[in-house]
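The lines below spell out each chain.
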Amino acid sequence: AMYKDGKNNSTRQITQKSSLSSSKSTSPFLKLLIPPLLIFNHFIFYQAQTKPMWNLAYSTNVTITATATTLKSKAAFDTLNLPHDYTFKHNENKIVETFTYMDAIRKLWNGEDLGDAQTLSKVAAALLIVFSGIWPHLKLLLVHFCWFFPFSHRLPLNSNRNPDPSHVYDGRSDKQCCKSKEGSNSIWCANGYTHKTHNRRSPFLRVLSTLGKWSLADVLVVCILIAVLHLDWKVNPHEIRSGVENELPTILNYVKGRYPDVNNNCEQLLGYPCQVGKALVIHYPQCFACKTLMSNAYNHPDWTTSEGKDIMEGIDLGGGGHAQLRVMGMLGTYFFCAAVMMSILLSLLVDILDENDRKRVEDDLMDKKSEIEFILPGEEGYDLQRENEVVSSPPSTSMHPPWNAFQQRHHTTPSPVHFGINNSALHTPIPSPTTNSHLLKYVIMCLLSLISLPFVFYAVTLPTMERLVYGGGPRLLHEVVGMEWEQEYSLITLVKTTGDAGDWDTFLMLTFGMFVVVGPIIRAVCLTLHACLGIPVALLQDCIERPRHRTSVRLALYYAASKLQKALRPTIDFLGAFCSWEVLTVALIMIQLEMPSITSTIKQDDKCQEADPEHGRTCIEVEFNALDTFLVVVVSFFILVVASGIAMSLASSDDEQPLLQEDGKRYEYGEPIPQERRYLPLQQQQEEVGGGNPSDNGLEQIVFV
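Residue positions are given per chain, counted from 1 along the sequence in the order it is written. It should be noted that, the model being predicted, local features are given only for residues of pLDDT at least 70 and side-chain atom pairs only at 80 or more, the latter also being counted only at that level, while totals for whole chains, interfaces and linings use all residues. Neither water nor hydrogens contribute to the side-chain values; these are computed over all heavy atoms in the structure.

1. A closer look at the sheet that holds strand 4 (residues 85-99)
Whenever strands of a sheet pair, they do so through backbone hydrogen bonds, lying parallel or antiparallel. Where we set the bar: Pairing between two strands requires that DSSP report at least two bridges joining them. Only DSSP runs of H or I reaching four residues or more are called helices, and only runs of E reaching two or more are called strands; each is numbered from the N terminus. Each axis is a line fitted through C-alpha atoms, taken for helices only over the stretch in contact, and angles between the N-to-C directions span 0 to 180 degrees.
Spatially, the four strands line up as an open sheet ordered 4-3-11-10, and their pairing is antiparallel. Strands with a single pairing partner mark the edges of an open sheet, and in this sheet they are strand 4 and strand 10 (230-235). The mean angle between the axes of side-by-side strands here comes to 5 degrees, regardless of whether they run parallel or antiparallel. In this sheet, strand 11 (residues 315-329) lies alongside strand 3 (residues 54-68) in antiparallel orientation, the contact comprising 15 bridges. Bridging across to strand 11, Ser59 finds its partner in Gln324.

2. Regarding empty space enclosed by the protein
Spelled out, the test is: Put simply, the grid is 1 Å and covers the protein atoms alone, a cavity is a trapped set of points that fit a 1.4 Å probe, a pocket is an open set with protein on both sides within 12 Å along at least five of seven lines, and lining residues have an atom within 4 Å of a point. Grid points are joined across faces, edges and corners, and a volume is the space filled by probe spheres set on the points. When residue character is reported, Ala, Val, Leu, Ile, Met, Phe, Trp, Tyr, Cys and Pro are called nonpolar, Asp, Glu, Lys and Arg charged, and the others, Gly included, polar.
Tallying each qualifying case throughout the model produces one cavity of 30 Å³ or more. Computed from the structure, the largest cavity encloses a volume of approximately 30 Å³. Along the walls of the largest cavity sit Ile226, His230, Arg326, Val327, Met328, Thr497, Thr498, Asp500, Ala501 and Asp505, which together make up its complete lining. It is strand 11 that contributes the most residues to the lining of the largest cavity, three residues altogether. The residue makeup of the lining of the largest cavity, split by class, is four nonpolar, three polar and three charged.

3. Structural notes on the state of the cysteines
To keep things clear, this is the line we draw: The term disulfide is used for any two cysteine sulfur atoms that are within 2.5 Å. Note on classification: 1.4 Å probe, protein chains only; a residue is buried when its accessible area is under 20% of the maximum for its type, exposed when over 50%, partly exposed between these limits.
Enumeration according to the criterion identifies two disulfides in this entry. Here Cys266 connects covalently by a disulfide to Cys290, the sulfurs 2.3 Å from one another. With the S-S bond torsion at -100 degrees, the cross-link from Cys266 to Cys290 turns out left-handed. In this pair, Cys266 is assigned in helix 9 (residues 262-270) and Cys290 in helix 10 (residues 284-299), connecting sequence segments 24 residues apart. In this structure, Cys266 and Cys290 share a single accessibility class: buried. Each sulfur in the disulfide pair Cys274 and Cys287 lies 2.1 Å from the other. Across the S-S bond linking Cys274 and Cys287, the dihedral sits near -70 degrees, which makes this disulfide left-handed. Of this pair, Cys274 sits in the loop between helix 9 and helix 10 while Cys287 sits in helix 10, placing them 13 residues apart in sequence. Cys337 carries a free sulfur, and the closest cysteine sulfur to it, the one in Cys223, is 5.5 Å from it. Residue Cys337 is classed as buried on the basis of its relative accessible area of 0%. Here Cys532 stays free of any disulfide, with the sulfur of Cys446 as its closest cysteine sulfur at 8.7 Å.

Any functional reading would require information that these geometric values do not contain.
Put into structure tokens, the structure is as follows:
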């Protein structure tokens, strides 16, 4: 500890340096465990950034049987050299492209086919570099620094000389005079005085914990890609037949454009030349029949409603299959999920250890302050002159004021002291009523907390995003078999779709759901309970403040409700690290910019341009956009953040201590205003210490609320 002096009393303070790696409050096991875990976390992030994260693949497994059952259909099959029981099989599995973390950055930076959005795409690439590339390692390095570096804790010698009776700790025993308030840099003492400490490590670690979830940006991008690029077509032969009959002219036009040469087509079907001069005489009848059938189908529009319709009605289709286009998560994505979760949990653990160390250091600083006040009389704030305050010289038999503070801190029986201070000028102030700003903040907090739960539930179930599919292939399937590719997503359906493939994608689904669904819902539930518990706490407090209305049942209910309400506050604060709707918004912007360039290169063909001229040679292109209803998610996030912030702000200013003790007295209206004990006459102090009623168990406590 170090005592620093200055030119005036306001600069006098005690400092003590402390590092978490050498703190007495940190267990030896954690001292050895946390540094290697932080280094291992670096390694996992490095693996995530270098390993393949996901791939885009499509697969087809289709088997369709066509059986000719009528004379016309059998004749058509014979003409085309097809068996009456024809089976079509197509099996293909292909990985279109494999992506790493750097590939995603490269595609965003290049911004192909984005036009005016290229600048925004480059910004998204820069954000991805910062959030998922630089920030994870920088955050871990800063946690390393906070773990080993000895930060200074400062305690000014001049305490708050205007004690607030609402902060009087009336639950003290002979072994406790001052108590550190959890979650704030304040020490409240039994005499109502507040000591403010200064510590830069705690707020710094809190910022790191709050910003740790931004490392999830790339993980959320991959989760959305897995959910959205999940195109399945279940082949149903009956739907195909119905679609072919209805769209037979369109199909024939497509086939004619793709295979226009009749001679070549017949040669492929029959297996021998049909061109004049090359065909054998024995093959002339078969070639002529094939050419005639295909020419009528290509060149006579009425053929589809007459002969073509009769042929289709005589064919029975069977079989089935499926075709898929989807994104599959790979090792890099799973590493990213594990690394982010580990980083967040390590930050929370370090926060807890920092809180324990802060309390320990504050106790040490109070001990040092008492010693300095005893060794250097007149340094404590009690002796500093106040405005309009009359101080007389103490008599020769009195002792210096710091002796009383020193004895209180070290739990010895206080000696009679007399300060010679004008008692009429120094009375403990009457508790001031709740200010309008405090009441307004409390009302706003209650309203926002009560509406947070319905808003969050509505936000996670409301369709707020949509998938659009373009290109010649999807358009042809839509026209022929009525396949609907457009789909709307809510946050819940998006999470469920992420884990449809099973295996390790289930881990992605759980991670995705924790940060975009479960975390916000639990935080909203805690806020609602916190606000609802405030009602019985306020009503019961009003009752037990009146001695005639005070009962043991009401006291028990008050303590139970207040304890539960206080327990919810750190939970609400803790859940802030698991609510990532702001990160999801950034991920959606990246997806909107990245997805068209990813999917437009899956397959390109001139025939796809004929089916869908608007999108050129691209056979399939997928877009993912946020709907106007996504504003509900933004509003719900704003409600959660504001309600939680106000709740934490009110918690830091409210009295955290029990309202009453069995041996405590409360100031009642009309009674004389009690004086602080150190200003009482010597005879009265002696009576309180040893000459009072022998049946009293200890010092009488007078509490202001």
